[in-house]
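The chain contents come next:
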Amino acid sequence: MKIESVDFFYLAIPEVKDIGDGSQDALLVRVRAGGLEGWGECEAAPLPSIAAYVCPMSHSACKPVSASVLGQELNNLSDITRINQLVRRNSFDLLQADHTLSGIDVALWDLMGRRLGEPVYRLLGYKRAFPKTAYASSLFGNTPQETFDKARRVRQAGYRAAKFGWGAFGLGSVTDDEAHVRAAREGLSHDVTLLVDAGTVWGDDVAAAEARLPVLAECRVGWLEEPFVSGALDAYAALAQAARARGGFEVKLAGGEGAHDAYMARHLIEHGGIRFVQIDTGRVGGITTAFDVAQYAHGKGVAFVNHTFTTPLALSASLQPYAGIESDTLCEYPVEASELAADFTHEKLPVDGEGRVRLPDAPGLGMTPHSAALRRYLVPVEIRVHDQVVYRTPEIGD
Ligand SMILES: [Mg+2]
């Protein structure tokens, strides 16, 4: 069969706020081939990602993503890898192409899963999907008391692990941060895993991050995530070394959500000293690339974890690449996602009584977008070049 159409749907809640919540808008992708449909999602600002699909060719290494996808043969799983590589070869000077490709790649896996009647993880070669312990992912409160209350609620909801991040963390004094970390630990009590996400707040300032190590060790924080921007490998390496040298409880580093390809993730593992690699299938190049990273990390003794702060569709896509690796036990689980994310799909991925998430044993991703609900969030877009409409928000169907 041939890829007949690729459609993008820009969705957003009415008021997008300046907070670290990526579920306020979404870019849903629908691919059609051979009478079948597959769905994917890009983790990206929607409009530039649509533009990367339709923009006129700028030069030979800067083609629109559509040039490498539309009309391509899709008969075997190897065709997905081929298309993934083709997009990268034809669009490597188009920086948003990785985001656009990611949603398409996810949709291609979903489509092939539906065609073959198998969940994606089985197409990847895993015999079964191990349940993952969901860590409740939420933002730090505005005050330590708020952080404490959130942590308490997370614990009462039955989660066995929780992550706090962003908010004011890292922006104020070390004392402020210490109060938040201790409040989180106290709210969770001693038996729930606590993780902390600095959201790249220290840029590449190793000393600023190092000043927080004592409280993170005192509160037995399972990882410190993204102390620095993704490319600051020397800063990652220096902090990892400092954390080891302290002795006693070692604060391990996590990172990788900013990886746009497998090499960025590998470099963080090889040169940044991270012990957890967090991959967003909606950004890294889809399931194809995320699976590569999961296999690589496993070989290096580094744990793979999904990065997902948005919808059940994105969550299912992000769990497939490491579903069958039993020793990778954690999964990010958005607990404060927007109403858009909550309404996104017919199926949900609930957390069970033991705080774990299981992938559906259904073809593809096992997730179907809820068209009627999504229509409320559709952002109508039209892009013209000269007199020609190169993109107009398509019909989402029923
Ligand atoms: Mg993060």
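Since we're looking at a predicted model, the values are computed, not measured.

**A few points about the overall build of the protein chain**
Point 1. The number of helices and strands found in the protein chain is 15 helices and 14 strands.
Point 2. Taken over the C-alpha atoms alone, the protein chain extends approximately 60 × 45 × 45 Å along its principal axes.
Point 3. For the protein chain, buried positions account for 57% of its 398 residues.
Point 4. Sequence separation of at least 24 residues holds for 74% of the intrachain contacts in the protein chain that already meet a minimum separation of 6.
Point 5. For the protein chain, the computed accessible surface area is about 15,900 Å², with 50% contributed by carbon and sulfur atoms.

**A short note on the coordination of the magnesium ion**
Point 1. Bound to the magnesium ion are the protein donor atoms Asp 197 (OD), Glu 225 (OE) and Glu 257 (OE), situated 2.0 to 2.3 Å from the metal.
Point 2. Spacing between the donor residues of the magnesium ion along their common chain follows D-x27-E-x31-E. Of this pair, Asp 197 sits in strand β6 (residues 193-197) while Glu 225 sits in strand β7 (residues 221-225), placing them 28 residues apart in sequence. No difference in accessibility class separates Asp 197 from Glu 225, as the two residues are buried.

**Details of the nonpolar core**
What tends to happen in soluble globular proteins is that the nonpolar side chains get buried as a cluster.
Point 1. By size, the foremost hydrophobic cluster in this structure holds 123 residues, and its most contacted members are Phe 8, Ile 104 and Val 277.
Point 2. Take this core: its biggest share by element is 9 residues, from helix α3 (residues 97-116).
Point 3. Those residues in contact with Ile 104 that sit more than four places away from it in its chain are Val 6, Phe 8, Val 29, Val 31, Tyr 53, Val 65 and Val 69.
Point 4. Listed in part, the 9 residues of the second largest apolar core include Leu 195, Trp 223, Phe 276 and Ala 303.

**Some details on the domain arrangement of the protein chain**
Point 1. Entries for the protein chain in the domain assignment read domain 1 (3-118 + 371-392) and domain 2 (123-357).
Point 2. One C-alpha centre belongs to domain 1, the other to domain 2, and the line joining them spans 26 Å.
Point 3. Taken together, the contact between domain 1 and domain 2 spans 37 residues of the former and 29 residues of the latter.
Point 4. If you sort the residues of domain 1 by the area they bury against domain 2, Glu 41, Glu 43 and Trp 109 come out on top, with a joint share of 23%.
Point 5. Where domain 1 packs against domain 2, one counts 2 salt bridges.
Point 6. As a salt-bridge pair, Asp 343 and Arg 376 come within 2.9 Å of each other at their nearest N and O atoms.
Point 7. Inspection of the region where domain 1 meets domain 2 yields 17 residue pairs in polar contact (both at pLDDT 80 or more).
Point 8. Secondary structure elements with two or more residues in the side of domain 1 that touches domain 2: β1 (3-12), β2 (25-33), β3 (36-42), α2 (77-90), α3 and α15 (371-374).
Point 9. Broken down by element, the side of domain 1 that touches domain 2 gets its largest block of residues, 10 residues, from α3.
Point 10. Among the residues forming the side of domain 1 that touches domain 2, the class breakdown is 18 nonpolar, 10 polar and 9 charged.

**Quick notes on the side chain of Thr 308**
Point 1. Turning to its location among the elements, Thr 308 is positioned in the loop between β10 (303-306) and α13 (312-319).
Point 2. Look at Thr 308 and you get buried, because its relative accessible area is 2%.
Point 3. In terms of polar contacts, Thr 308 uses its side chain to reach the side chain of Asn 306, at 3.1 Å.
Point 4. Within the structure, the side chain of Thr 308 is placed 2.7 Å from the side chain of Ser 318, a separation counted as a polar contact.

**Describing helix α10 (residues 262-272)**
Point 1. Buried residues of α10: Ala 262, Ala 265, Leu 268, Ile 269 and Gly 272, and no others. Projected onto a plane normal to the axis of α10, the buried residues spread over an arc of 155 degrees and lie on a single side.
Point 2. Where α10 begins, one side-chain oxygen reaches toward the backbone nitrogen of Tyr 263, 3.0 Å away; that side chain belongs to Asp 261.
Point 3. Of the residues trailing α10, Gly 273 is marked for its positive phi of about 70 degrees.

**Quick word on the pairing of strand β13 (residues 382-385)**
Point 1. Here 4 bridges tie β13 to strand β14 (residues 388-392), and the two strands are oriented antiparallel to one another. Following the sheet pairing, Glu 382 is matched in β14 by Arg 392.
Point 2. Hairpin connection between β13 and β14: a loop of 2 residues separates the two successive antiparallel strands, and His 386 in this loop has a positive phi of roughly 50 degrees.

Cut-offs and rules
- Residues numbered from 1 in each chain as written.
- Predicted model: local features only at pLDDT ≥ 70, side-chain atom pairs only at ≥ 80, totals over all residues.
- Heavy atoms only, no water.
- Helix = DSSP H or I, 4+ residues; strand = E, 2+ residues; numbered from the N terminus.
- Buried < 20%, exposed > 50% of the residue type's maximum accessible area, 1.4 Å probe, protein only.
- Contact = heavy atoms within 4.5 Å.
- Areas by Shrake-Rupley, 256 points an atom, 1.4 Å probe, with all protein chains shown as cover.
- Donors = N, O, S within 2.8 Å, 3.2 Å for Na, K, Ca; no water.
- Core = buried A, V, L, I, M, F, W, Y, C linked by side-chain atoms within 4.5 Å.
- Domains from an automatic or database assignment.
- Buried area = accessible area lost by both parts, 1.4 Å probe.
- Salt bridge = Lys/Arg side-chain N within 4 Å of Asp/Glu carboxyl O.
- Polar contact = N/O pair within 3.5 Å; in protein donor to acceptor, adjacent residues only side chain to side chain.
- Nonpolar A, V, L, I, M, F, W, Y, C, P; charged D, E, K, R; others polar.
- Arc of directions from axis to C-beta.
- Pairing = 2+ DSSP bridges.

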